[in-house]
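Inside the fold
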Amino acid sequence: MDKGILFLVATPIGNLGDITIRALKTLKEVDYIVAEDTRQTLKLLNHFEISKPLLSYHRHSSESKEIEIIQLLIKGKNIAIVSDAGTPAISDPGEKLVKRAIENNIKIEPIPGACALINALIASGLDTDKFAFYGFLPQNNKNRKEILEQIKQENKTLILYEAPHKIKETLIDLSDILGSRKIVLAREITKIHEEYIRGNIDDVIKNVENPKGEYVIIIEKSSLNKKEKEIELLNNKTLEEHYEYYKNKGIEKKEIIKKIAKDRNVQRNEIYKYFLNYN
Ligand code: SAM
């Protein structure tokens, strides 16, 4: 018996008109629909007069739930996975199930459609040739700052998802760590209150007094060139690490001191004194 197919069906991110003909056809034809929140998906299915058995699958679902879904596919059932909105497996459940299905030689078929990050990016007006998506930043302050330090160096347009009650805090962190950059807040894409707030981070912060709705943050890429990035990385290290970096390149002490002073924009004498007895 042939195995079933796992369809990854994108659903609208606000405007029901964005459902695709293939999405409707697939949802009508599969044996089961796996949904992140079955109540939410029921609303969508009722709107399009589709009636199907629903299976719940969300980020806290147990491994046994995945096995149950895979077993159905192995038995030849066709299954569609949908999330509450947009493309499944993008900051939404689906990724683990896709991996498990592939391990079990199950065919995967994406049914393309709305995805908040792509629509925010194309409407942002920022560069679209290279971009990096980081989803939701970690909640933990230290991990969050670590990631921001990392992405600061990216020479690509950056995309983040954020909940409205955390938007302000995240923008402040972005301003502190990334410095002055253009950003775009794409809000309520495809919905009635859709808007794009464009400007410098600090100006945009002033414009989000009472954030409501759903937001994607698009951030201009780093404008530093390779050499400037290297210097910035070194300046974030200790003086000793900075010294060792040049020493490992075979550079002599006098020259290292000159370079460190230049990188850090300080008097050569200060660095000389610091490393007086250092070899
Ligand atoms: N899988 C979805 C997709 O394809 O974009 C993303 C799901 S993620 C749990 C939800 C986040 O996506 C929201 O917090 C927000 O950052 C972003 N988002 C979803 N719909 C949006 C919309 N209509 N406008 C702006 N951002 C949206």
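As a starting point, this report considers the structure included with it. This structure is a prediction, so every number in the text was calculated from the model and none was measured.

All right, on to the overall build of the protein then. In terms of regular secondary structure, the protein is built from 12 helices and 10 strands. Taking 2.2 N^0.38 as the reference for a compact globule, 279 residues should give roughly 19 Å; the C-alpha atoms of the protein span a radius of gyration of 25 Å, well beyond that estimate. If you take every contact in the protein between residues at least 6 apart in sequence, the share linking residues at least 24 apart comes to 68%. Entry remark: accessible area of the protein is about 15600 Å², with carbon and sulfur atoms responsible for 49%.

So, about the pattern of salt bridges. Taken as a whole, this structure holds 22 salt bridges when the rule is applied. For lysine 96, the salt bridge goes to glutamate 66, with nearest N and O atoms at 3.5 Å. Here lysine 96, found in helix α4 (residues 95–103), pairs with glutamate 66, found in helix α3 (residues 63–74); they are 30 residues apart in sequence, far enough to count as distant. Connected via shared salt-bridge partners are Glu63, Glu66, Lys96 and Arg100.

A few words on unusual backbone geometry. Positive phi, close to 70°, is recorded for threonine 190, a residue that is not glycine. Considering the arrangement of structural elements, one finds threonine 190 in the loop between β8 (182–187) and β9 (195–200). You can call threonine 190 partly exposed: its relative accessible area is 23%. A positive phi is found at asparagine 265, a non-glycine position, where the angle reads about 55°.

About the cut-offs
Residues numbered from 1 in each chain as written. Predicted model: local features only at pLDDT ≥ 70, side-chain atom pairs only at ≥ 80, totals over all residues. Heavy atoms only, no water. Helix = DSSP H or I, 4+ residues; strand = E, 2+ residues; numbered from the N terminus. Rg over C-alpha atoms; globule rule 2.2 N^0.38 Å. Contact = heavy atoms within 4.5 Å. Areas by Shrake-Rupley, 256 points an atom, 1.4 Å probe, with all protein chains shown as cover. Salt bridge = Lys/Arg side-chain N within 4 Å of Asp/Glu carboxyl O. Buried < 20%, exposed > 50% of the residue type's maximum accessible area, 1.4 Å probe, protein only.

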